[in-house]
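Examination of the molecular architecture
What follows is each chain in one-letter form.
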Amino acid sequence: MSHPLRDLVQEAFAPFGVLARATDQFSPRQGQTDMALAVADVVAHGGSLVVEAGTGVGKTFAYLVPALLSGERVLLSTATKALQDQLYARDLPRLVQALNLPIRLALLKGRASYLCTHRMEMARRDTSMPDRHTVHLLSRVETWSLSTRTGDLAELPGLDERSPLIPLITSNRENCLGSQCPKFKTCHVNAARREALGADMVVINHHLFFADMAVRETGMAELLPSVRVVIFDEAHQLNETGVNFLGHQLGTAQLLDVTRDMLATGLQLARGLADWQGVCATLERAARELRLVGGKRPGAVKLRWTGDAPEGIHPGVWEQSLQDVGAACVQALQALDTVSEIAPEFMRLHDRVGEIAKRVDAFLNPCAPDAVRWMDVSASQMRLMEAPLDIAQTVRERLMKQPSATPSDEGSEEPPPWYDEAESSSQAHDTDASPFDSAFPLRPVEDTRPRSWVFTSATLGDDPRLRWFTEPCGLESATILRVSSPFDYPAQASLYVPRDIVRPNDPEHSTQVATIASDAVRRLGGRTLVLTTTLRALRAIGDLMKRQLEGAGIEVLVQGEWPKRHLMERFREGAKAGDGGCVLVASATFWEGFDVPGDALQLVIIDKLPFPPPNDPLVEARSKRLEAQGRSPFNDYFVPEAVVALKQGAGRLIRTESDQGVLVLCDNRLVTTGYGRRLISALPPMRQLQTAQELAQSIDALSQHLISKAATTIF
């Protein structure tokens, strides 16, 4: 059914439409247009749309164009802060200019992304800085703080997100002083929230979205009720992100942090008014004894917690340890009550200790139904965890409800105390009036139409209904659209599975993977990404490849040796003329979000099928629930999980229409089992190589093509 927004979107994506006229990079693609029209339909009429859009479809423009042309207030959430920055600084301004729309954009991140000037000043007076490098870095931050408008630490080049300085110059929910802070009026976090409330499109991330649902204090409680269109990009991460935020957790590190802060604040601001040393010693001792109950652990482990106590721990001892922590919290609260009006720091400390006491009580009571508990324990700390098995109930009950013109429990009728619309200074694109304005006026004053939800990613499952994604997210009734990649995979990419490699559980597997990778890298001269499923394999394969490629003029980069940003930059630089080639051995986050188009990456090697760990408490609980439903955990959970992860990893190889490369999957279960064939069929239709000789020939052809290309460029 045609409607005004659909017609505008059709016109924008036409061969000679506004996008083709405004940008040289645009070329019409039927899949992209189909997705954009589906988004336009759900924006116009409300409801939920789930879109799996293969690599190269151009899904970003496909959801942004109808969202922008609709004139609605839009909330756009993506997986990482890096993707937020890309959308806000590159994609959105380019489209807003092309469409000639008066759109105000805002970027909103969690408070830990913004400089806290109050804590920065406290850090300058701190005499216990970790080292001289941190002191020098603080000086750089202070200089930058004088010129930054946003306070977003991503603006500061060379600041590693793992730096020990970060927690010293940012605030969190526990230590923020709120309106009592002496720097409250110039607070960067509050400025970002004000801008978000005054903007037409707000770019956030999944972590921020679910953190707000858990604690209701990031500014989203006021923002979401005023938004009619919500879009989740990289939606395949949504369930796991939500699960991590919607449960409960209590850590011994958290207990020790509040103890240190309480002792320092008490002795500095209220010495002699309470027995700070005695109260803090009691709480610290209770925290350390709780950790000792977990036993000696050489490395990090997860302990099941299906009964009264985690596995291997006596229930009576465990309950007593938790009760001791609770009693120490009560004693601390009594001390803080006597000084709560002296300084805002004491009120904040009271809130922090009170919240810890509530969590202790929660863990002393039985686990919530349809949730799972476990304990993370390492040599230095312990964390008690409780999480729902998925976000389905939360989505159904707290998200998928019709907006109302009257205030609801999602937000308040009055704006929050930190909001002043006159101060809002979001990134505005106030161009001349667009021809689209008359059809869709911005920000209707009163609107009771159903909210529109769009969920999209390149990988959402391997069945027509995308059940891997829709079931745990409570979206079984959503409209489903699958758009294939426009790339010519049979011509651009090859797939090789070594038939004679040992099984992944064999001790020799990592050695054989390293040998296959090193032999291929020598032929190609670098330009290789090796993805592993475990940190153990990462270290083993990385060390072996360094030894095997020593003297070959090829640099072997291994995740963990440098910050992620440095590794990505060095890998891309390694493909430049006159520089030695690079190999990157990586795990975890490099399976997705690592975008290296062109000749810099032509070989991706994956060590084994990325099944979820079967002994993980959350995985076990989900498997048992499926068994209780009469379903197969392996076919309905483990294989779909592996499909999505494998498609993400394989997706690193071909990023543009001109890319060429080889994918090597070092797990012969792909060709010897039924589920292996299911996994291969879920991948793009690459040309399959049968022998090691064919692999060598394909790699030699890539290398020769690059040589010929370089010669053509020179002459």
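Analysis parameters
Residues numbered from 1 in each chain as written. Predicted model: local features only at pLDDT ≥ 70, side-chain atom pairs only at ≥ 80, totals over all residues. Heavy atoms only, no water. Buried < 20%, exposed > 50% of the residue type's maximum accessible area, 1.4 Å probe, protein only. Helix = DSSP H or I, 4+ residues; strand = E, 2+ residues; numbered from the N terminus. Pairing = 2+ DSSP bridges. Phe/Tyr/Trp six-rings, centres within 6.5 Å; stacked < 30°, edge-to-face > 60°. pLDDT = per-residue confidence, 0-100. Contact = heavy atoms within 4.5 Å. Expected span 1.5 Å × (residues − 1). Arc of directions from axis to C-beta. Salt bridge = Lys/Arg side-chain N within 4 Å of Asp/Glu carboxyl O. Axes fitted to C-alpha atoms, helices over the stretch in contact; angles between N-to-C directions.

1. Description of the pairing of strand E3 (residues 103-107)
For E3, the tally of buried residues reaches 4 of 5 residues, placing the bulk of the element in the interior. When E3 meets strand E4 (residues 201-205), the two strands line up parallel, connected through 3 bridges. Note that in E4 the partner of Leu105 across the bridge is Met201.

2. Some details on the packing of aromatic side chains
All chains considered together, the criterion is met by 16 aromatic pairs. On the numbers, 5.8 Å between centres and 40° between planes, the contact of Phe611 with Phe634 is tilted. With Phe611 in the loop between strand E17 (603-606) and helix H23 (617-628) and Phe634 in helix H24 (residues 633-650), this pair connects stretches of sequence that are 23 residues apart. Taken together, the ring pairs connect Phe209, Phe210, Phe232, Trp453, Phe455 and Phe469 into an aromatic cluster.

3. Side note on the confidence of the model for the protein
When pLDDT is averaged across the protein, the result is 88; 90% of the residues are at 70 or more. For residues 403-426, every residue scores under 50 in pLDDT, and the model assigns this stretch 45 contacts once sequence neighbours within four places are set aside. Contacts of residues 428-445 to residues separated by more than four positions or lying in other chains number 41 contacts, the stretch itself having pLDDT below 50.

4. Re the side chain of Ser321
Locating Ser321 in the fold gives a position in helix H15 (residues 315-337). Discounting chain neighbours no more than four positions away, the residues touching Ser321 are Leu290 and Val293.

5. Observations concerning helix H14 (residues 276-293)
Helix length check: H14 (18 residues) gives 26 Å between terminal C-alpha atoms against 26 Å at 1.5 Å per residue, within 8%. Turning to H14, its buried residues number three or more, namely Trp276, Val279, Cys280, Leu283, Ala286, Ala287, Leu290 and Arg291. Mapping the buried residues of H14 onto a view down its axis gives an arc of 140°, with all of them on the same face. Turned more than 90 degrees away from the buried face of H14 sit Gln277 and Leu292, all of them exposed. Buried residues in H14 make contact with helix H13 (252-269), H15, helix H16 (344-364), strand E8 (371-377) and strand E9 (382-388). Positive backbone phi, at 80°, marks Gly295, one or two positions downstream of H14.

6. A few points about the environment of Met385
Mapped onto the fold, Met385 is located in strand E9. On the basis of relative accessible area, Met385 is assigned to the buried category, the value being 8%. As for Met385 and Arg373, which are separated by 12 residues in sequence, their C-alpha atoms are 5.5 Å apart. Apart from residues no more than four positions distant in its own chain, Met385 is found in contact with His248, Gln249, Phe363, Val372, Arg373, Trp374 and Asp376.

7. Some thoughts on the pattern of salt bridges
Counted under the stated rule, the structure contains 39 salt bridges. Between Asp616 and Lys302 there is a salt bridge, with the nearest N and O atoms lying 2.8 Å from each other. Of the two residues, Asp616 is situated in the loop between E17 and H23 and Lys302 in strand E7 (residues 301-304); the sequence distance between them amounts to 314 residues. A salt bridge links Glu471 to Arg467; its shortest N-O distance comes to 2.8 Å. Residue classification places Glu471 among the partly exposed positions, given a relative accessible area of 24%. You can call Arg467 partly exposed: its relative accessible area is 38%. Taken together, the salt bridges that share partners define one network made up of Arg467, Glu471, Arg631 and Asp636.

8. Digging into the sheet that holds strand E13 (residues 493-496)
The sheet built from 7 strands is open, its strands ordered E15-E16-E14-E17-E18-E13-E19 with parallel pairing. Each having just a single partner strand, strand E15 (555-558) and strand E19 (687-689) make up the two edges of the open sheet. The sheet shows a mean angle of 20° between the axes of neighbouring strands, direction not considered. Where strand E14 (residues 528-531) meets strand E16 (residues 582-586), 4 bridges bridge the pair, whose relative direction is parallel. Opposite Leu529, over in E16, you have Leu584 as the bridge partner. Along the sheet, H24 makes contact with E14, E17 and strand E18 (661-665), crossing E17 at roughly 155°.

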